[in-house]
Amino acid sequence: MERREEVVVLGEDIGRSGGVFRATEGLYSQFGPTRVMDMPLNESGVIGVSIGLALYGMRPVAEIEFLDFVYPAFDQIVSELSKMRYRSGGEYTAPVVVRAPYGGGIKGGPYHSQSAEAFFAHVPGLKVVVPSTPYDAKGLLTSAMRDEDPVIFLEPKRLYRSFRDDVPDGEYTVPIGRARVAREGRDVSVFTYGSTVPTVLEAAAEASEEGIDVEVVDLRTLTPLDVDAVIGSAKKTGRVVVVNEAPKIMGYGAEISALLAEEALDYLKAPIVRVGGFGIPFPYVHENLYMPTVPRVIKAIHKVVEH
Amino acid sequence: MPKATYLSYLCHKSFTPRRLPEPIVANIAIDAPSKELPTSQLRRFYELMLLTRTFDAQAVSLQRQGRIGFYVTCEGEEASEVGSALALRPTDWMFPDYRASGIMIARGMTLDELLAQLMANSQDHSRGRSMPSHWGSRALNAVPPSSPLCTQLPHAVGVALGAKIRGDDVCSIAYFGDGGTSSNDFHSALNFAAVFKTPTVFFCRNNGYAISLPVSQQTATESLAIKADAYNMEGVRVDGNDVLAVHSATKRALEKARAGGGPTLIEAVTYRMGAHSTSDDPSRYRDPREVELMRSKDPIKRFEQHLRGLGVWSDEDEADARRAAHEQVKEAIARAEKVPHPDVRSLFEDVYSEKTRELAAEADELYREIGGI
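The rules behind the values
- Residues numbered from 1 in each chain as written.
- Chains lettered and ligands numbered in written order.
- Predicted model: local features only at pLDDT ≥ 70, side-chain atom pairs only at ≥ 80, totals over all residues.
- Helix = DSSP H or I, 4+ residues; strand = E, 2+ residues; numbered from the N terminus.
- Buried ≥ 20, exposed ≤ 12 C-beta atoms within 10 Å, placed from the backbone.
- Axes fitted to C-alpha atoms, helices over the stretch in contact; angles between N-to-C directions.
- Parallel < 35°, antiparallel > 145°, perpendicular 65-115°, else oblique.
- Left-handed = near helix turned anticlockwise from the far one by under 90°.
- Contact = placed C-beta atoms within 7 Å.
- Nonpolar A, V, L, I, M, F, W, Y, C, P; charged D, E, K, R; others polar.
- Domains from an automatic or database assignment.
- Pairing = 2+ DSSP bridges.

## A look at unusual backbone geometry
Point 1. Between A:Thr223 and the following residue, A:Pro224, the backbone shows a cis peptide bond with an omega angle of -5°.
Point 2. When you line up the elements, A:Pro224 lands in the loop between strand 10 (221-223) and helix 8 (227-237).
Point 3. Positive phi outside glycine occurs at B:Ile211, with the angle close to 50°.

## Some words on the environment of A:Thr237
Point 1. Along the chain, the position of A:Thr237 falls in helix 8.
Point 2. Look at A:Thr237 and you get buried, because 22 C-beta atoms sit within 10 Å.

## A few points about the packing of helix 2 (residues 78-85) of chain B against helix 8 (residues 243-258) of chain B
Residues and elements named next belong to chain B.
Point 1. Put simply, helix 2 and helix 8 touch, their axes get as near as 8 Å, and they point 40° apart. Classified by the angle their axes make, helix 2 and helix 8 are oblique. At the point where helix 2 passes helix 8, the crossing takes the right-handed sense. In contact with Ala 79, Ser 80, Val 82, Gly 83 and Ser 84 of helix 2, helix 8 contributes Val 243, Leu 244, Val 246, His 247 and Thr 250.
Point 2. Grouping the amino acids of the contact of helix 2 with helix 8 by side-chain chemistry returns five nonpolar, five polar and no charged.

## Examining the interface of chain B and chain A
Point 1. Contacts between the two partners involve 34 residues from chain B, matched on the other side by 33 residues from chain A.
Point 2. Elements with a minimum of two residues in the side of chain B that touches chain A: helix 5 (152-166) and helix 6 (184-196) of chain B.
Point 3. Counting residues per element, the side of chain B that touches chain A draws most heavily on helix 5 of chain B, which supplies 10 residues.

## Examining the domain arrangement of chain B
Point 1. Partitioning chain B into structural domains gives domain 1 (33-342) and domain 2 (343-373).
Point 2. On a C-alpha basis, the centres of domain 1 of chain B and domain 2 of chain B stand 36 Å from each other.

## A closer look at the sheet that holds strand 9 (residues 214-218) of chain A
All names here are of chain A.
Point 1. One open sheet holds the five strands; their spatial order is 7-9-8-11-12, and the pairing between them is mixed. The sheet terminates laterally at strand 7 (180-183) and strand 12 (273-277), the two strands that pair on one side only. Each adjacent strand pair in this sheet contributes to an overall mean axis angle of 25°, direction not counted.
Point 2. Relative to strand 9, strand 7 is paired through three bridges, and the arrangement is antiparallel. Opposite Val 181, over in strand 9, you have Val 217 as the bridge partner.
Point 3. Along the sheet, helix 8 contacts strand 8 (188-192), strand 9 and strand 11 (240-247); its crossing angle with strand 8, the most-contacted strand, is approximately 155°.
Point 4. Where helix 11 (residues 294-305) meets the sheet, it contacts strand 8, strand 9, strand 11 and strand 12, and its direction lies at approximately 165° from that of strand 12.

## Some remarks on the environment of B:Ser101
All names here are of chain B.
Point 1. Note on placement: Ser 101 falls in helix 3 (residues 101-107).
Point 2. Note on Ser 101: 29 C-beta atoms within 10 Å, which makes it buried.
Point 3. In this structure Ser 101 touches Thr 52, Phe 55, Asp 56, Cys 74 and Leu 114, once residues within four positions along its chain are discounted.

## So, the domain arrangement of chain A
All names here are of chain A.
Point 1. For chain A, the domain assignment lists domain 1 (7-159) and domain 2 (180-305).
Point 2. On the side of domain 2, 24 residues touch domain 1, which itself brings 25 residues to the contact.
Point 3. Broken down by class, the residue content of the side of domain 1 that touches domain 2 amounts to 12 nonpolar, eight polar and five charged.

## Some thoughts on the sheet that holds strand 6 (residues 151-156) of chain A
As a general point, the strands of a sheet are linked pairwise by backbone hydrogen bonds and lie either parallel or antiparallel.
Residue and element names in this part refer to chain A.
Point 1. With mixed pairing, the seven strands of this open sheet are ordered in space as 2-1-3-4-6-5-10. The open sheet has two edge strands with one neighbour each: strand 2 (36-38) and strand 10. Put simply, the sheet's adjacent strands are angled 20° from each other on average, direction ignored.
Point 2. Strand direction decides the pairing type here: strand 4 (residues 97-102) and strand 6, joined by six bridges, are parallel. Its bridge partner lying in strand 6, Tyr 102 is registered against Pro 156.
Point 3. Sitting on the sheet, helix 6 (residues 134-146) is in contact with strand 1 (7-11), strand 3 (59-63), strand 4, strand 5 (127-129) and strand 6, with an inclination near 165° to strand 6.

Right, dumping it as structure tokens:
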């Protein structure tokens, strides 16, 4: 926002209140109500107006207070945001960043905990980015704000304050479209992103005590996926587990599985196993059992290793 | 709380959406300010409406002959479209809907450009990617619409808000029909526009029908303009078949917006003389006698009477204008039909700012599939 005056922030409760998770704290007092705009309670309006601002040459960063509330804006995102460049023959673009906290772990029940990334990853024209560390959050958000395409930026709310990380002052970027090898290994590739990265790293540490060397790949960008990193790791280890919090059925894990089955079958020594949420709406009670646990990830690792 | 404004040069108060309009007087409203425009401009209004009608009829015919796939007619709504579009400055942003032939012609889109989009040829601004009748052009500050109704209304608000933030002297206008006033985005956009007091004009062409649904079943309110009251916005109802009244009302709303007076909802009461589109058959839901009655109130004929009454339009002028419009359209069609479709590989461009490797591979695969090298 200091670098470019076209960057504006808008959403519900992001200004004077600083955001329900304090993500936009301090911006209002520094930049004022012209650039940090509290919006009426209407997600489709927030996104629709953001599109208009972007058409005019502004660089809006819009917040959806919880990803669970994005659905009224789904039409604006799918019908308009994703297709503006395409349907205008490139004459108009809408470089909007849509930020939203996603995922469970805060006792939020079915309407404050959803993982809806698959809906957006399925739409041509959108980029979907999910950081899992403070370092990546700053670098990827900076990249998203500089990207000429619309970016859905999903912030795992469980991780907002769960651990500390070294975050350099000043500007830096983390490239969109590039995965990160969070832990190198030889025996099993576990692909994951966002809220489940710490869980998977913990499972990998436990597995290494049993002599299983787990490679953990944090995808960071869901679309455009770092296909080389995924296929490269799968070919190296031959055994694949995919972990995310969203319901397993029809989830993003299925895309990774299908991709590897098509492009790396000869290198696979075991079926691809997915760990995800159950086929139920995200519950309030027993939330900790709904989300992928360390034992559940280890069980999946064992399954591919023992095949 | 402001009530909807029924300005003296605007529509009869008795002109409710629930029954057929009262016979509209043949003369143009006495005190519409645009009545004072110079003759050359008045003639231009007429010529543009006539060109729109001519183009429109030819486009429907092209579709019936299978030479284009689809078309959305604006027959009967030329006064609303041309009158409002001519009130804009080139720097104002326009958000047309998909019944916009008159709007685009008045704005300055050439017949070649219009036909390029209808035929999806390689000169089309949208590169053949949209269904016919979805026009846009950066050079004209016109953003191409999608098909879902009123999604462009919040965009118009965002553009106006951006202009306000930057201190630019720019207004936006968004077009839609009576059906659109029931949509979520209509509510959303009007609320945001009023809260942020954006320089936006919401221009509703009440043409009596949303495909098959008459406006009396679309809303329980006495007019569409009155809906603006809910947002503490000015709602203005105008005789949409009086091109000078439309021009005056739009100009007034834009000047108000420019002066910091915020947004306006304009309801232009008109009539959809044709079908909803070339895929629609209105005989299933509409009495043909109603159409014949409305044909007798044709906005183009009405304005022709006005010009003749002023002594600035003759039989010869009429014959010349009709011939010129007809030839212009005919020649443009002949030119446009010679232009080829875009290359198949262009399908894979403009999805993102840079083509991904996967998209490039898909493009090559498709190209090979159709026998390209």
